[in-house]
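Chain by chain, the residues run as shown.
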Amino acid sequence: MLNYIWFGLMAIALVVAAFNGTADAVTKGAIDSAKTAVEITLGLIGIMTLWLGIMRVAEAAGLVDLLGRMLRPIMRWLFPDVPDGHPANGAMVMSVAANMLGLNNAATPLSIKAMEELQSLNPVKETATNAMVTFMALNTSGVQLIPATMIGVLVAAGSRNPTAIIASTLVATAIGTAAAVAAAKLLERFYPKPEAALEAPASSEVSQ
Amino acid sequence: MIRLIFEQISIWAIPVLLVGIPFIGLLRKVKVYDVFIDGAKEGFQVAVNIIPFLVGILVAIGMFRGSGAMDLLTNALRPVMAAINFPPELFPLAVFRSLTGSGSLALTTDLVKTHGPDSLFGRMAATMYGSSETTFYVLAVYFGAISVKKTRHAVPAALIGDIVAAIATVAVCAWMF
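Since the model is a prediction, treat every value here as computed from it, not as a measurement.

Asks: I keep staring at the overall build of chain B and nothing clicks. Help me out?
Replies: Looking only at helices and strands, chain B features 9 helices and 0 strands. Written out in order from the N terminus, the α and β elements of chain B read α-α-α-α-α-α-α-α-α. Here the C-alpha radius of gyration of chain B, 21 Å, is well above what a compact globule of 177 residues would show, namely 16 Å. For chain B, with 177 residues in total, the buried portion stands at 51%.

Asks: Even after reading the chapter, I still don't get the side chain of A:Ser168, so can you show me in this structure?
Replies: Position of A:Ser168 relative to the elements: it lies in helix H9 (residues 165–187). At 3.1 Å, the side chain of A:Ser168 and the backbone oxygen of A:Ile165 are in polar contact. In terms of polar contacts, A:Ser168 uses its side chain to reach the side chain of B:Thr127, at 2.9 Å. Among all residues touching A:Ser168, those that are not within four sequence positions of it are B:Thr127, B:Val172, B:Cys173, B:Met176 and B:Phe177.

Asks: How should helix H5 (residues 87–100) of chain A be read in this particular structure?
Replies: Three or four residues apart is the spacing at which side chains of an α-helix point the same way, because the helix has 3.6 residues per turn. Residue and element names in this part refer to chain A. With 14 residues, H5 extends 20 Å from end C-alpha to end C-alpha; this agrees with the ideal 20 Å at 1.5 Å per step. The element H5 is extensively covered by neighbouring structure, given that 10 of its 14 residues are classed as buried. By the burial criterion, the buried members of H5 are Ala88, Asn89, Gly90, Ala91, Met92, Val93, Met94, Ser95, Ala98 and Asn99. Positioned one or two residues after H5, Gly102 has a phi angle of 75°, which is positive.

Asks: Help me out: how do you make sense of the packing of helix H7 (residues 130–140) of chain A against H9(A) in this one?
Replies: Two quantities define a packed helix pair, namely the angle between the axes and the distance from one axis to the other. Residues and elements named next belong to chain A. Their axes nearest at 8 Å, the elements H7 and H9 cross at an angle of 165°. Between H7 and H9, the angle is such that the two are roughly antiparallel. In this structure, the crossing between H7 and H9 has a hand that is right-handed. Facing Val133, Thr134, Ala137 and Leu138 of H7, the residues of H9 in contact are Thr177, Ala180, Val181, Ala184 and Lys185. Grouping the amino acids of the contact of H7 with H9 by side-chain chemistry returns 6 nonpolar, 2 polar and 1 charged.

Asks: Would you explain the interface of chain B and chain A in this entry?
Replies: In many reports, interface size means the accessible area that the parts give up when they come together. The interface of chain B with chain A comprises 90 residues on the first partner and 98 residues on the second. Of the roughly 8200 Å² buried at the junction of chain B and chain A (both faces included), carbon and sulfur atoms supply 77%. For chain B, the biggest contributors to the area lost against chain A are B:Tyr142, B:Arg152 and B:His153; these three give 10% of the whole. In this structure, the connection of chain B to chain A is made through 5 salt bridges. For A:Glu126, the salt bridge identified is with B:Lys150, shortest N-O distance 3.3 Å. Inspection of the chain B/chain A interface yields 23 residue pairs in polar contact (both at pLDDT 80 or more). Secondary-structure elements contributing two or more residues to the side of chain B that touches chain A are helix H1 (2–27), helix H2 (32–40), helix H3 (42–67), helix H4 (69–83), helix H6 (101–115), helix H7 (120–130), helix H8 (135–145) and helix H9 (154–176) of chain B.

Asks: Honestly, the domain arrangement of chain B in this entry has me stumped. Any pointers?
Replies: Entries for chain B in the domain assignment read domain 1 (1–40) and domain 2 (42–176). Put simply, the middle of domain 1 of chain B and the middle of domain 2 of chain B, counted by C-alpha atoms, are 32 Å apart.

Asks: Teacher, can you tell me more about the pattern of salt bridges here?
Replies: Pairing is possible between side chains that carry opposite charge, provided their charged atoms lie close to one another. All names here are of chain A. Tallied over the entire structure, the rule returns 15 salt bridges over all chains. Here Glu39 makes a salt bridge to Lys35, at a shortest N to O gap of 3.7 Å. Of this pair, Glu39 and Lys35 both sit in helix H2 (residues 23–60), separated by 4 residues, roughly a single helical turn. Judged by its relative accessible area of 54%, Lys35 is exposed.

Asks: Is there a simple way to explain unusual backbone geometry in this structure?
Replies: Glycine aside, residues mostly have negative phi, and peptide bonds are mostly found in the trans state. Residue and element names in this part refer to chain B. One non-glycine residue with positive phi stands out, namely Lys29, at about 60°. Overall, Lys29 belongs to the exposed group, its relative accessible area being 75%. Although it is not a glycine, Asn85 sits at a positive phi angle of roughly 65°. By the secondary structure assignment, Asn85 is in the loop between H4 and helix H5 (91–99).

Asks: Sorry if this is basic, but what is going on with the nonpolar core here?
Replies: Nonpolar side chains in soluble globular proteins tend to end up buried together. Ranked by internal contacts, the top residues of the largest apolar core, which has 102 residues, are A:Phe79, A:Met92, A:Leu118, B:Phe86 and B:Phe143. Ranked by residues supplied to this core, first place goes to H2(A) with 12 residues. Here this core spans two domains, and each of domain 1 (1–40) and domain 2 (42–176) of chain B adds at least three residues to it. Excluding residues that lie within four positions of it along the chain, A:Phe79 makes contacts with A:Met92, A:Ala131, A:Thr134, A:Phe135, A:Leu138 and A:Lys185. One finds A:Val153, A:Ile165, A:Ile166 and B:Val112 within the second-largest nonpolar core, a separate group that totals 10 residues.

Asks: Looking at this structure, how should I read the environment of A:Leu50?
Replies: With respect to the secondary-structure elements, A:Leu50 resides in helix H2. Owing to a relative accessible area of 28%, A:Leu50 belongs among the partly exposed residues under this scheme. Separated by 24 residues in sequence, A:Leu50 and A:Val26 place their C-alpha atoms 37 Å apart. Residues within four places of A:Leu50 in sequence aside, it is in contact with B:Leu18 and B:Phe36.

Asks: Looking at this model, I keep getting lost on the confidence of the model for chain A. Mind explaining?
Replies: Low pLDDT marks stretches whose predicted atomic positions should not be read closely. Of all residues in chain A, 94% attain a pLDDT of 70 or more, and the chain-wide mean is 87. In this model residues 199–208 of chain A is a low-confidence stretch, pLDDT under 50, and it forms 5 contacts with partners more than four residues away in sequence or in other chains.

Asks: Help me out: how do you make sense of the side chain of A:Thr134 in this one?
Replies: Note that A:Thr134 resides in helix H7. In this view, A:Thr134 contacts A:Leu78, A:Phe79, A:Val181, A:Ala184, A:Lys185 and A:Glu188; residues no more than four positions away in its chain are not counted.

So, how was this worked out
- Just so you know, the residues in each chain are numbered from 1, in the order the chain's sequence is written.
- The lettering of chains begins at A and the numbering of ligands begins at 1, in the order of writing.
- Local features in this predicted model are restricted to residues of pLDDT 70 or higher, and side-chain atom pairs are both shown and tallied only at a pLDDT of 80 or more, whereas totals for entire chains, interfaces and linings draw on every residue.
- No hydrogens and no water enter the side-chain calculation; it runs on all heavy atoms of the structure.
- Each helix corresponds to a stretch of at least 4 residues labelled H or I by DSSP, and each strand to a stretch of at least 2 residues labelled E; elements are numbered beginning at the N terminus.
- Each radius of gyration reported is based on C-alpha atoms, and the globular scaling rule is 2.2 Å times the count of residues to the power 0.38.
- Working definition: with a 1.4 Å probe on protein chains only, accessible area under 20% of the residue-type maximum means buried, over 50% means exposed, and in between means partly exposed.
- Polar contacts, as used here, are pairs of N or O atoms within 3.5 Å; protein pairs need one atom able to donate a hydrogen and one able to accept it. Residues neighboring in sequence count only if both atoms are side-chain atoms.
- We call two residues in contact when some of their heavy atoms are within 4.5 Å.
- The span one expects for a helix is its residue count, reduced by one, times 1.5 Å.
- Every axis in this analysis is a line fitted to C-alpha atoms, fitted for helices over the stretch in contact. Angles between the N-to-C directions lie between 0 and 180 degrees.
- Angle categories are assigned with fixed cut-offs, so that under 35 degrees is roughly parallel, over 145 is roughly antiparallel, 65 to 115 is roughly perpendicular, and the rest are oblique.
- Each helix crossing is assigned a hand: it is left-handed if the near helix lies turned anticlockwise from the far helix by less than a right angle, otherwise right-handed if that turn is clockwise.
- Ten residues, namely Ala, Val, Leu, Ile, Met, Phe, Trp, Tyr, Cys and Pro, are considered nonpolar, four, namely Asp, Glu, Lys and Arg, are considered charged, and the remaining ones, Gly among them, are considered polar.
- Joining two parts hides part of their accessible area as seen by a 1.4 Å probe, and the buried area is that hidden amount summed over both.
- By definition here, a salt bridge exists when the distance from a side-chain nitrogen of Lys or Arg to a carboxyl oxygen of Asp or Glu is within 4 Å.
- In this entry, domain limits derive from an automatic or database-based domain assignment.
- What we call a nonpolar core is a set of buried Ala, Val, Leu, Ile, Met, Phe, Trp, Tyr and Cys residues that are connected through their side-chain atoms within 4.5 Å.
- Per-residue confidence from the prediction method is given by pLDDT, with values spanning 0 to 100.

Encoded structure:
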């Protein structure tokens with residue numbers, strides 16, 4: 001899927017550029033974006049290091065496990081392939097909580113931590129598991145309790161009632177999230193799981 | 001009132017977590033600094049792992065935007081949007097939202113300024129931005145960090161969520177405002 005989208009975006013750009021005469025802009029788009037991508041990543045290094053360290057402390061203190069256990073019923077339904085008591089549960093809860101609070105600096109590293117935990121359950125490291133996709137669906141739909149950036153934009157534009165959008169955003173995001181998770185759950189049946197996904201996590205648990 | 005509580009939580013959450021987590025660790029006899037360093041070591045490698053994935057996705061989107069293909073797509077889909085009563089003014093934003101964070105923020109700001117921050121379209125634009133995430137960025141970062149290349153149903157599932165969120169935005173705003 002990503003192979004076709006990736007190539008498709010670039011191929012369409014080339015064809016459109018041929019008709020519009022926008023080849024310069026396409027070149028500029030490519031070069032600037034490559035630079036931006038690296039800048040974004042470099043900007044992540046410090047904050048990522050900090051949160052991965054703090055998360056390790058939280059894990060050692062038993063907090064991650066506790067968080068996972070508190071929400072066990074929901075987690076079991078959303079991520080049936082993740083065993084009870086696995087650190088992935090707590091890491092995913094932390095990440096979703098950070099996203100809901102709009103703590104963007106913390107949310108990305110925490111999400112990556114959760115993905116790493118899910119990867120430890122994955123028998124085929126190159127292929128996404130059902131749990132990874134469901135988790136991603138939950139986060140790409142962006143559940144946020146207070147859309148702080150947008151309130152800022154409305155205030156800057158001179159709004160008389162900038163917080164009016166809080167309710168509409170909450171409802172829209174809840175509907176979008178439900179749809180994304182439902183889609184992930186339904187579509188997973190049509191995409192074969194990473195091979196041996198049913199056996200491998202259990203046996204690796206035992207060997208640990 | 002509720003807004004104030006959430007704002008306070010947002011402001012205090014990070015400092016409280018940064019102190020609170022090691023504090024509980026100490027209570028449980030964890031060597032907090034040693035453990036912190038141990039976990040933090042991975043930070044650099046994880047960030048570097050993301051680079052190829054993010055460069056790949058952002059470059060393709062940057063080329064697509066640069067060529068003007070976005071305008072063509074918007075114009076081509078205009079009749080379809082009109083048929084389902086989706087405001088054509090908001091359609092470019094609905095598409096941009098999933099592709100680029102900075103691009104959709106600029107577009108939203110522009111829509112809010114053009115139509116007014118308290119207008120229906122202004123609020124729809126703000127709601128649309130706030131109710132979703134930059135799907136392709138999240139995809140590249142999450143899967144890039146753990147080097148997963150076969151994403152299976154991740155793209156269709158996330159896009160279905162984005163489309164539903166965009167339609168829900170228009171419906172909810174039309175009903176509320």
